[in-house]
Structure formats: structure tokens, C-alpha cells
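In case you want the letters, here they are:
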Amino acid sequence: MENPQNLNNIEDENAYIENQYQEMLAIYKKSAHRQKIELIDKAFRFAVDAHQGVRRRSGEPYILHPISVARIVAEEIGLGSTSICAALLHDVVEDTEYTVEDIEERFGKKIAQIVDGLTKISGGVFGEQASKQAENFRKLLLTMSEDIRVVLIKMADRLHNMRTLASMPQAKQLKIAGETQYIYAPLANRLGLYAIKTELEDLSFKYEHPDKYEELSSKIAKTKESRDKLFEMFSAPISKALDALGLKYEIHTRVKSVYSIWRKMQTKNIPFEEVYDLLALRIIFDPDENQSEKKLCWEIYSAVTDQYKPHPDRIRDWVSTPRANGYEALHVTVMGPLGQWVEVQIRSRRMDDIAEKGFAAHWKYKTGEKDDSELEKWLQTIKELLENPEPNAIDFLDTFKLNLFASEIFVFTPNGDIKTMPQGSTVLDFAFLLHTDVGTTCIGAKVNHKLEPLSYVLNSGDQVEILTSKKQTPSEDWIDYVKTARARAKIRSLFKKEYRNIMKKGETSLKELLDSHGQSMSRDLISQMLEHYGKTKKEELFYAIGKSQINLDEVPKLFFKAKAESKWMKFWKLQFGSNKKEAKETANTNKSKVLTLTESSKNYRIAECCQPIPGDDILGFIEDENKFVVHKCQCPVAMKLKASHGDNIVSAVWETHKVLSFPATIRVNGIDSQGVLSRILNVISEENEINMTKVNIDTKDGIFEGDITLYIHDVEDLNNLCLNLLKVHGMKSVNRIENDKQGK
Ligand code: MN
């Protein structure tokens, strides 16, 4: 058959097309696939019709391209009818009036999906914006995760385009060659399509560096004679040994590809002459049915190394542990007869097929059911391979800085833009990715048209429409909803600003309060407050004040003692024993013998454990020089102190009161009824005019119980309050409690 460009009438051209198609079909017929000739035929006729009258740049009828792609798919990748049909139809949707729906109607859902995938990735990768390669490659991967056949057919498409690249203008050649080098060759390698990978690399190299390519090709050609001689010399003793073993085998030479020679020269900075592994030997054997491939590999290894000395560091056993992409072989490098290293690759026929065609060949070797379910299994294998790259498969991902793949998801905006995000990203992450304002006002999203909350974890392929509201105010727990560093940082800075504002407000409020009491913000005061409120930094303290978590009203009573003392000492006075000796005598026995301490000489605080108030029997404990802690006499802590540090106990009495208030906690419980809680609070704050600092009342199954912390002058007032509270309808008991554990 003549070159189609020279055909001068339509009949000849049609005959040529038919012939090309039949050649492709013949290859398929020889395969182990189920013979779905009718469907393939239908796809072919449909494609012929769709591309009618269209020509490639080379002048040949367009349909010859899909036929060639289908042939690569069948012959070089080993795929079946679904892929062949999809390959025949792969440019129909993109280049003709037909739609994906038209394809689905005629060829079913699966083929239509693959054609759709091919159409989608085609536009971008072949588009004019070369800078968008990376993004497009991700789209490619995304589609791949749906059906790996899309990528395999794309690979065939690219291979054919590379084989016919000569007819393209030079600028386009460079662009396509670059893309091939950057995207498709590594992908072919990753998929185990070594033959295709090598050809893609060589073709790219040829268009990118035509002079170098020519130079190296001619050098390889020139060394052919000496290589052949070496091969003869080298392989003869091996053949003899293998014959003696009674093996069925072939020995081939494998000459390093032009591109890999060039790359070796580049990376090792050596001239062509020093590329020692230019020649490799490949021994392919056909085992008998019951022979173990692995055992035979090592028998051959033994025969080879009987003849030649192996390089100790260059044995690769991919038989025991195949590479992640399925490659199996035993490699050994030995010292040849002329003193150069020669690599010997030992493979069974099956291993060789896998090496050349990838997993498709693997599948071919699985006998028995040869329907789509088996193919599905294989596709699943590759998919998993790509999703969970094993260590030695990482190279591929590193090449593209796409180690994100396993940990990245692809999410669509409502108008179809793809955004990549780390796996585990939520609706809120996505909102912040779009815009900070979208993030801060986000109230949820429609994910695939279904309403989902901020915290919803997105999946690859989700289409997300963010819903916002001006009324939304971000909250600090949003940090827990986001995965991306970006959203985290945004939320943090948002709250840092707010945090600072609240802190400032708190600081100002405290300062105003101090001013109005003639106090200053001393280090001592701050450290007392920090201790009391369980804060570690003054910023936290100011923030708590700004947030009204700390009631400023209680501050003067709690912390202004030292200065306020002079005022309130007029009304009441604590009297302590003046010295230890005296205190010792009086502490437990004689209360009449207490001494009054002068204002200036004493310093004391109310014990937190028992919270004594005027009217309680109390004692003082000397904490350190001139500092006392006042406990109730019956306080367990005080009891212990009496026993262990009796010397430091002094007796003390309240003298007068009714001006200062002290914290006390009461526990109430009773039968719940409507309004009962508000009546309780009313009795306390309105009728008895007592300030509460903390109210914590639970109701459960018709019972209420809770604690109320309040400021009270003395025991008498407290007792009155308790009596008043007991009058509240439903109240069962009101008790003063000493601390968290102890009821009275
Ligand atoms: Mn194409």
C-alpha cells in the first residue's frame, strides 16, 4: 500500500483506511480478549463518518490517527474492546458535532465515560497555555483516578502524535516534545510501559536536540559492528551453559536508548565512549509448565556468573520483590571478556511481556475468565499503585513535585474550576481558599447540591458552592474545623486582632477601676489576681476582664485590702495573738486572751478552703513573717495545721463587720417548678441585696440542685438568707458549703 499522501483518488484512500483498520483488528483478534468485533466495527464506522472530510496537517485523512491510536492500544498496551472503541472515538466529541450523550447512546456508558475523560484532558494539555501544564497534569491524574484507561489511551494518543510530529511547525514540535518529556514519559514509566516510555523519551530528545540526537545515533550505529562482535564473544559461553541445562531461551542484545545514553553523559559528565553499559544482554526463557520461574532465574544467574565475575554491588533481584509498577527480572552486571562491564537481564517470557507492556500484559497472563471483571481488577491494581506509591515508586511523584497526589483532593467550584487541597480539607478550608471574606462569612456549603456544615470534610471531585451570610461571626473553635495552613493562619490572625482588642478593653477597665480607688497597677496586685483567677499571664487576665469572665465589682473587695484596710478597720478588726508563745496558749483554749494586732504590722488572707466570714470561729496561721491565713476553727486544713505546726497557730476573732463582704457558697436543692430559679435569685439579690458571683444550678428529672457563690458580710446575714431561701416554694434544703468537696 502506498503512502496515503500520494493517493490521488478517494477510492484508493478509502481502501487504505480500510486496510489500516483491518490490520489493527487482526492484532486484536490474536489477543486473548473476548472477541467483540461487532462493537469495534460499529465504533470504527461511526468515527469514519464523524471525521469525514477532515485531514491532519500532514494531509492524510484524520481517521488514520484514531486507527493508529487504537492499534497502539491493542498492540503495545494490550487493552481490549472497550479501550479500542474509546481510542477509535477519542477525538469525536472534541472535533465533531457529536456529544458524549451521542456516544453513550450508541456505545454505552463505559465507553462514553472514557471518551469524555479523554476530551476533558485533551483541551488543556493541547491548549496554548504551556505554563498551565502542571495544572493540566493534575486534571489528568484526577481523571485517571476514575478510569485508568483514560490515561492509557491518552498515552497511545500522545505516542502517535510524537511519531507523526514531523509535520508540525517547529514551535509546536518543541512544545509538544517538552510536554511529552515532562508529563507523558514519566507517567509511562510509572505505569510500567517501558517500551513506550523509551520511545517517548527518544522522540522528545530528537525534537528538542536534533543535532545531539543525530550525533549519538550515528555513534551508536558506528559501534554496531564491535558490539556485535562483543555480543558473539560474550554470549557464546553462556549459550553453551544454558543449552547444557536444557533450557528454552533467547539471548538478545539491548542497546541503551539514545536519550538514556545522553542523560548518562550529562549526569556523569562523561563522553560517549565511556558509557560502559551501552550494551546489555537480555536472556528470555520459556519455562515448562511445572518449572519455577524464580528458580530458573537463579540457575541462569549461576550459569552466567560461572563464566564471568559479577560486580558485587550490581545485582538487582526484582523476582523475589517485583517493583511497584510490576516489573520483574533478575539483573546482574558482570565483567566481560574484553574487560568491560556488561549488564545481563534475566527474565521469563511472562516477565518480559510485563516489562514491555506493563500491567496489561500481566493481565493477559492470567488465564481463565477473560471478561471485564478481570480487567477491572487490573485497573484497580494500578489505581491503588498510584494512590499508595511504594518507596521505590516515589521517584515518579518526586519528578513532578506531586507527592501531593496521595494526600491531595481536587474540588470543583460551581463554574468548574479545579482547586487542589490537602486531603481532609473541609468546607471552611475551601471558603478561605477562595477568599478571606468568603471564609469569615461562611455559614456552610452546598456540596454536590446538598447542604453541608462548615466542618464537612470534602472529597475529590466534590463540587462546592459556599454559602455566606453577613451576619456570620467567626468563632475560635473554627480552628478545629480547618486543615489547611492558610485557613488556620487566617482564623488565628482574625482572633489575634480580636484578642488584642478585648485585652486592651480589659486592661482599660481595670485601670479605670484602680484609678477610682486610688490604686495603682502594681506587680503585687497583678500577681495576686493572676493567682486568684488561675491565669499565668497578665494578657490572659486582661482578656478575661475584657470578656467579662472576671467580675470587676469583686476586685476591690478581693485585692484592695492593704490600702482599704485603714478605712474598714474602723468597722471591724481582726485580732490575732501577738506572738507565737501566747498564741500557743490561747489558740485552742482561751479565746478571751486574743490580742489585737495593729494595722501596720499585719497582713492576712482568708483561706480559700473554708472561706470563713465574720461570725465564724476562726484561727490564724502564720504563713511566714507577718503574714497570716485565716481559717475556720473546724476547717480540716486548719486541724491538720494545728496538729503539725501548732507553734504557728494564733487565735483570732472578728471584731466588727457589716461593711466588708466575703465570698461564701451555698448549695440549694428542691423541686423544680416554673419560675423557681428566678425566685431564688430574686430572694438573694433583691430582697437581701446580696451580690452573687457565680450561679450554677442544674435541673434534672424535676429536681433542681446547684451552688451559688455570693458575697456576704457575716454568718448572721448568711443564716438569714438561708432561712429566707427555705421559704421559696419547693425548696428542700439550703446549706453553706465550705469548699468543693465539703457540705456543712
Ligand atoms: Mn488524538
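Here the structure is shown first, and the text comes after it.
None of the values given here were measured: they were computed from a predicted structure.

Cut-offs used in this document
- Residues numbered from 1 in each chain as written.
- Predicted model: local features only at pLDDT ≥ 70, side-chain atom pairs only at ≥ 80, totals over all residues.
- Heavy atoms only, no water.
- Donors = N, O, S within 2.8 Å, 3.2 Å for Na, K, Ca; no water.
- Helix = DSSP H or I, 4+ residues; strand = E, 2+ residues; numbered from the N terminus.
- Buried < 20%, exposed > 50% of the residue type's maximum accessible area, 1.4 Å probe, protein only.
- Polar contact = N/O pair within 3.5 Å; in protein donor to acceptor, adjacent residues only side chain to side chain.
- Salt bridge = Lys/Arg side-chain N within 4 Å of Asp/Glu carboxyl O.
- Pairing = 2+ DSSP bridges.
- Axes fitted to C-alpha atoms, helices over the stretch in contact; angles between N-to-C directions.
- Contact = heavy atoms within 4.5 Å.

Participant: Explain the coordination of the manganese ion here, please?
Facilitator: Those donors, His 65 (NE2), His 90 (NE2), Asp 91 (OD) and Asp 157 (OD), are the protein atoms that reach the manganese ion, and they lie 2.2 to 2.5 Å from it. Spacing between the donor residues of the manganese ion along their common chain follows H-x24-H-D-x65-D. Taken together, the residues His 65 in helix H3 (residues 64-75) and Asp 157 in helix H9 (residues 148-163) connect sequence positions 92 residues apart. When its relative accessible area of 1% is taken as the criterion, His 65 is described as buried. Exposure remark for Asp 157: the relative accessible area of 4% places this residue in the buried category.

Participant: Could you clarify how one ought to interpret the side chain of Thr 484 in this entry?
Facilitator: With respect to the helices, strands and loops of the structure, Thr 484 is situated in the loop between helix H22 (478-481) and helix H23 (485-516). What makes Thr 484 buried here is its relative accessible area of 11%. Engagement of the side chain of Thr 484 in a polar contact is seen with the side chain of Asp 429, the distance being 2.6 Å. At 3.3 Å, the side chain of Thr 484 and the backbone nitrogen of Ala 487 are in polar contact.

Participant: Explanation requested: the pattern of salt bridges in the structure shown.
Facilitator: A side chain of one charge can pair with a side chain of the opposite charge when the charged atoms of the two come close. All told, the structure shown has 23 salt bridges when counted by the stated rule. Among the ionic pairs, Glu 199 bridges to Arg 163, the shortest N-O distance being 2.6 Å. Note that Glu 199 is positioned in helix H11 (residues 194-208) and Arg 163 in helix H9, a separation of 36 residues in sequence. Given a relative accessible area of 26%, Glu 199 falls into the partly exposed group. For Arg 163, a relative accessible area of 35% gives the class partly exposed. Across the salt bridge formed by Asp 352 and Arg 347, the nearest N and O atoms sit 2.7 Å from each other. The exposure class of Asp 352 is buried, given its relative accessible area of 10%. When its relative accessible area of 3% is taken as the criterion, Arg 347 is described as buried. Salt bridges here are not isolated pairs; linked through shared partners, they connect Glu 18, Asp 41 and Arg 45.

Participant: Is there a simple way to explain the sheet that holds strand S9 (residues 450-452) in this structure?
Facilitator: Think of a sheet as strands paired side by side through backbone hydrogen bonds, with each pair either parallel or antiparallel. Strand order in this open sheet of three strands is S9-S8-S10, and the pairing throughout is antiparallel. This sheet does not close on itself; its edge strands, each paired only once, are S9 and strand S10 (464-468). Averaged over all adjacent pairs, the angle separating strand axes in this sheet is 30 degrees, with direction ignored. Taken together, the five bridges between strand S8 (residues 442-447) and S10 define a ladder with antiparallel strand orientation. Bridge assignment links Val 447 to a residue of S10, and that residue is Val 464. Strands in contact with helix H20 (residues 427-434) are S8 and S10; relative to S8, the strand with the most contacts, it is inclined by about 105 degrees.

Participant: Can you walk me through the environment of His 33 in this structure?
Facilitator: Here His 33 is to be found in the loop between helix H1 (10-30) and helix H2 (37-50). The class of His 33 is buried, set by a relative accessible area of 10%. For the pair formed by His 33 and Ala 74, sequence separation is 41 residues and the distance between their alpha carbons is 10.0 Å.

Participant: Looking at this structure, how should I read the environment of Leu 247?
Facilitator: With respect to the helices, strands and loops of the structure, Leu 247 is situated in the loop between helix H13 (224-245) and strand S1 (249-255). In this structure Leu 247 comes out as buried when scored by relative accessible area, which is 11%. For the pair Leu 247 and Asp 286, spaced 39 residues apart in sequence, the C-alpha to C-alpha distance is 7.7 Å.

Participant: What is the right way to look at unusual backbone geometry in this model?
Facilitator: What is expected of a backbone is that most residues other than glycine have negative phi and most peptide bonds are trans. Phi at Asn 269 is positive, roughly 55 degrees, even though this residue is not glycine. Looking at the element boundaries, Asn 269 is found in the loop between helix H14 (258-268) and strand S2 (279-285). One non-glycine residue, Ser 548, lies in the positive phi region at around 60 degrees. The topology assignment puts Ser 548 in the loop between helix H25 (538-546) and helix H26 (555-559). Overall, Ser 548 belongs to the exposed group, its relative accessible area being 60%.

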